[in-house]
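So you can see what is in the structure, the chains are spelled out below.
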Amino acid sequence: MSLKGLSIRNFASKIFSTWRKELKKCAEVSRVKGIMWLFRLAFQHLLLCYQADKIYYCGFVVEFIKISENAIKSLLTRYLIVFRRRIILSLTLLWVSVLGIRAQYDVSFSHYFDMETSFNPAAVGKESVLNVDLAYAMDLAGFEHNPQTMYAAADVPFYFLKSFHGGGIQFINDKLGLFNHQRISLQYSYKLPLFGGRLGIGVQAGLITEKFDGSKLDVEDSTDPALSTAELTGNQLDVCAGLYYAHKKFYVGVSALHVNSPLVELGERNELQIDPTLYFTAGYNIKLRNPFLTIKPSVLLRTDLVAWRADVTGRLEYKHENKVMYGGVSYSPTNSVTVLLGGMFHGIMLGYSYEIYTSAINPGNGSHELFIGYQTDINLIKKGKNKHKSVRIL
């Protein structure tokens with residue numbers, strides 16, 4: 001079976017027809033043996049994808065979930081494994097895109113417009129305040145062992161050697177079934193006045209830690225070398241860079257994450273290759289006749305040059321003195337539709353979003369996300385020196 005030149009849709013349709021036949025056979029054999037039979041079949045199909053030098057994100061896994069949901073809930077993952085010298089991997093690594101969503105290593109946050117430092121180090125210190133962001137995301141609500149992500153970051157501007165700078169730190173803990181991904185990073189941005197706005201040139205360095213708890217993997221044949229039943233841990237340096245330009249009414253940024261292509265070794269036989277990912281973001285503030293209302297469109301595009309994801313967001317914000325409220329909708333082509341609500345309460349910005357997938361997944365099994373932001377004025381920047389207010393809160 002040759003996959004060269006096949007579109008994702010054509011490949012998925014071919015696999016669908018094969019899987020439907022095999023699913024009927026599973027009803028005639030024992031549950032465990034039937035499930036393992038399908039795992040091996042999926043493994044062969046993904047090997048074909050690899051041999052064709054392409055990764056196809058197919059919706060046929062959804063069909064499989066409907067038949068044997070309880071058996072694979074612990075196997076849900078959005079990790080993309082790149083096979084290297086040995087093709088000996090845990091079967092849990094196979095489920096790259098359970099929903100037919102284009103899978104990438106980094107988490108997709110619905111509140112990306114308030115969390116720009118999560119994907120662009122040049123955005124740190126863009127406001128004359130100490131900024132603290134917290135976020136919690138729960139994907140695939142209703143599924144056992146579903147992906148859950150916690151994020152915390154802080155950044156601050158400072159004035160040094162007659163120049164403006166920004167510094168920040170961030171931590172992310174991403175749990176996906178038997179996997180646990182952690183990253184802690186330090187960020188720096190040099191600020192340069194440009195065309196009435198400010199350009200940030202940023203770099204980021206951090207440590208990635210990957211963990212896989214194979215002791216919780218329930219398999220029929222524990223002697224299979226492709227299935228690790230031990231707890232595996234690996235670490236690797238992660239380097240990122242970016243540019244971020246903010247003007248009075250708009251902002252635009254580009255960045256590259258994982259530019260050093262970290263290769264994390266999990267034990268002696270398994271490897272996780274993290275591909276570089278490119279980001280582009282932009283936003284604009286549209287003032288309405290009502291001085292308290294502003295329309296805030298924004299966009300985020302990211303790609304690892306194999307897969308891509310775009311998020312287009314529109315928010316209507318009401319702001320009067322210290323009162324802020326907003327509502328909006330975000331659309332990700334072929335992926336999802338997200339509803340956003342938020343506001344400022346007692347000086348703390350709270351935001352909530354619910355993402356509904358446009359695939360065959362039930363709307364009730366979408367993704368919840370909670371965002372908390374706090375800002376406080378500081379005096380680290382010398383007075384009268386090109387102070388700039390973020391377009392986020394204009």
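Positions within a chain are numbered from 1, following the residues in the order the chain's sequence is written. The predicted origin of the model limits local features to residues at a pLDDT of at least 70 and limits the giving and counting of side-chain atom pairs to 80 or more, whereas totals for whole chains, interfaces and linings rest on all residues. Think of the side-chain values as coming from all heavy atoms in the structure, minus any hydrogens and water.

1. Concerning the overall build of the protein
Consideration 1: A helix here means a DSSP run of H or I that spans at least four residues, while a strand means a run of E at least two residues long, and both kinds are numbered starting from the N terminus. On a plain count of helices and strands, the protein comes out with three helices and 17 strands.
Consideration 2: Every one of the 394 residues in the protein was classed for burial, and the buried ones make up 51%.
Consideration 3: Note on contacts: a residue pair is in contact if any heavy atoms of the two residues lie within 4.5 Å. Within the protein, contacts between residues at least 6 apart in sequence are counted, and of these 58% link residues at least 24 apart. Burial classes: relative accessible area under 20% of the type maximum marks a residue as buried, over 50% as exposed, and values in between as partly exposed (1.4 Å probe, protein chains only).

2. Examining the pairing of strand 17 (residues 367-377)
Successive residues of a regular strand alternate their side chains across the two faces of the sheet.
Consideration 1: For two strands to pair, DSSP has to find at least two bridges joining them. By the bridge criterion, ten bridges tie strand 1 (residues 129-138) to strand 17 in an arrangement that is antiparallel. By the bridge assignment for strand 17, Ala135 is matched with Phe371.
Consideration 2: In this sheet, strand 17 lies alongside strand 16 (residues 348-357) in antiparallel orientation, the contact comprising eight bridges. Bridge pairing in strand 17 places Gly351 opposite Phe371.

3. Here's the deal with the confidence of the model for the protein
Consideration 1: The predictor's confidence in any single residue is recorded as pLDDT, a number from 0 to 100. Residues at a pLDDT of 70 or more form 66% of the protein, whose mean pLDDT is 76.
Consideration 2: Scored below 50 in pLDDT, residues 384-394 makes 44 contacts in the model with residues more than four places away or belonging to other chains.

4. Brief notes about the side chain of Asn131
Consideration 1: Topologically, Asn131 is positioned in strand 1.
Consideration 2: Of the residues examined, Asn131 reaches a relative accessible area of 6% and is grouped as buried.
Consideration 3: Any pair of N or O atoms that falls within 3.5 Å is considered a polar contact. Within protein, one atom must be able to donate a hydrogen and the other to accept it, and sequence-neighbouring residues count only if both atoms are side-chain atoms. Within the structure, the side chain of Asn131 is placed 3.2 Å from the side chain of Asp133, a separation counted as a polar contact.
Consideration 4: Looking at Asn131, its side chain comes within polar contact range of the side chain of Gln375, at 3.1 Å.

5. Focus on unusual backbone geometry
Consideration 1: Unlike most non-glycine residues, Phe195 shows phi in positive territory, near 50°.
Consideration 2: Following the sequence through the fold, Phe195 ends up in the loop between strand 4 (179-194) and strand 5 (197-213).
Consideration 3: Taking the relative accessible area as the measure of exposure, Phe195 reaches 71% and is therefore exposed.
Consideration 4: You will see that Glu321, though not glycine, has its phi angle at about 55°, which is positive.
Consideration 5: Within the secondary structure, Glu321 is located in the loop between strand 13 (308-320) and strand 14 (323-332).

6. Observations regarding the packing of aromatic side chains
Consideration 1: Any two rings among Phe, Tyr and Trp, with Trp reduced to its six-membered ring, count as a pair given centres within 6.5 Å; such a pair is stacked if its planes are under 30 degrees apart, edge-to-face if over 60, and tilted if neither. According to the stated counting rule, one finds eight aromatic pairs in the structure shown.
Consideration 2: When the ring of Tyr159 is compared with that of Phe164, the centres are 4.8 Å apart and the planes differ by 65°; the resulting orientation is edge-to-face. There is no split in this pair, since Tyr159 and Phe164 are both buried.
Consideration 3: Plain terms: the ring middles of Phe292 and Tyr318 are 6.0 Å apart, the flat faces sit at 75° to each other, and that makes the pair edge-to-face. On the criterion of sequence distance, the pair formed by Phe292 in the loop between strand 11 (286-287) and strand 12 (293-303) and Tyr318 in strand 13 is long-range, its members being 26 residues apart.
Consideration 4: Sitting over the face of the ring of Phe113, Arg315 holds its NZ or CZ atom 3.8 Å from the ring centroid.
Consideration 5: Each ring is checked for a lysine NZ or an arginine CZ that lies within 6 Å of its centre and within 35 degrees of its normal; such an atom marks a charge sitting over the ring. Note that Arg315 overlies the ring of Tyr326, its terminal NZ or CZ placed 5.6 Å from the centroid.

7. So, the nonpolar core
Consideration 1: To define a nonpolar core, start from buried Ala, Val, Leu, Ile, Met, Phe, Trp, Tyr and Cys residues and group those joined through side-chain atoms within 4.5 Å. Counting 25 residues, the largest nonpolar core has Phe109, Met115, Phe119, Tyr151 and Tyr244 as the members making the most contacts within it.
Consideration 2: Residue assignment for this core shows that the elements contributing at least two residues are strand 1, strand 2 (148-160), strand 6 (231-246), strand 7 (250-257) and strand 14.
Consideration 3: If near-sequence neighbours (up to four positions away) are discounted, Tyr151 is found in contact with Phe109, Met115, Thr117, Ser118, Asp133, Leu134, Ala135, Gln170, Phe171 and Ile172.
Consideration 4: Membership of the second largest hydrophobic core comes to ten residues, among which are Leu178, Phe212, Leu232 and Val264.

8. Quick word on the pattern of salt bridges
Consideration 1: We count a salt bridge whenever a side-chain nitrogen from Lys or Arg sits within 4 Å of a carboxyl oxygen from Asp or Glu. Under the counting rule described, the total for this entry stands at five salt bridges.
Consideration 2: A salt bridge links Asp106 to Arg183; the shortest N-O distance between them is 3.5 Å. Taken together, the positions of Asp106 in the loop between helix 3 (60-72) and strand 1 and Arg183 in strand 4 put the pair 77 residues apart, joining distant regions of the chain.
Consideration 3: The closest approach of N and O atoms between Lys296 and Glu317, which form a salt bridge, is 3.2 Å. Of this pair, Lys296 sits in strand 12 while Glu317 sits in strand 13, and the two are 21 residues apart along the sequence. One exposure class covers both Lys296 and Glu317, and it is buried.

9. Comments concerning the pairing of strand 13
Consideration 1: Inspection of the sheet shows strand 12 paired to strand 13 by eleven bridges, in the antiparallel sense. For Thr303, the partnering residue across the bridge sits in strand 13 and is Trp308.
Consideration 2: In sequence, strand 12 turns back onto strand 13 through a hairpin of four residues, with Leu305 there showing a positive phi of about 70°.
Consideration 3: The pairing of strand 13 with strand 14 spans nine bridges and is antiparallel.

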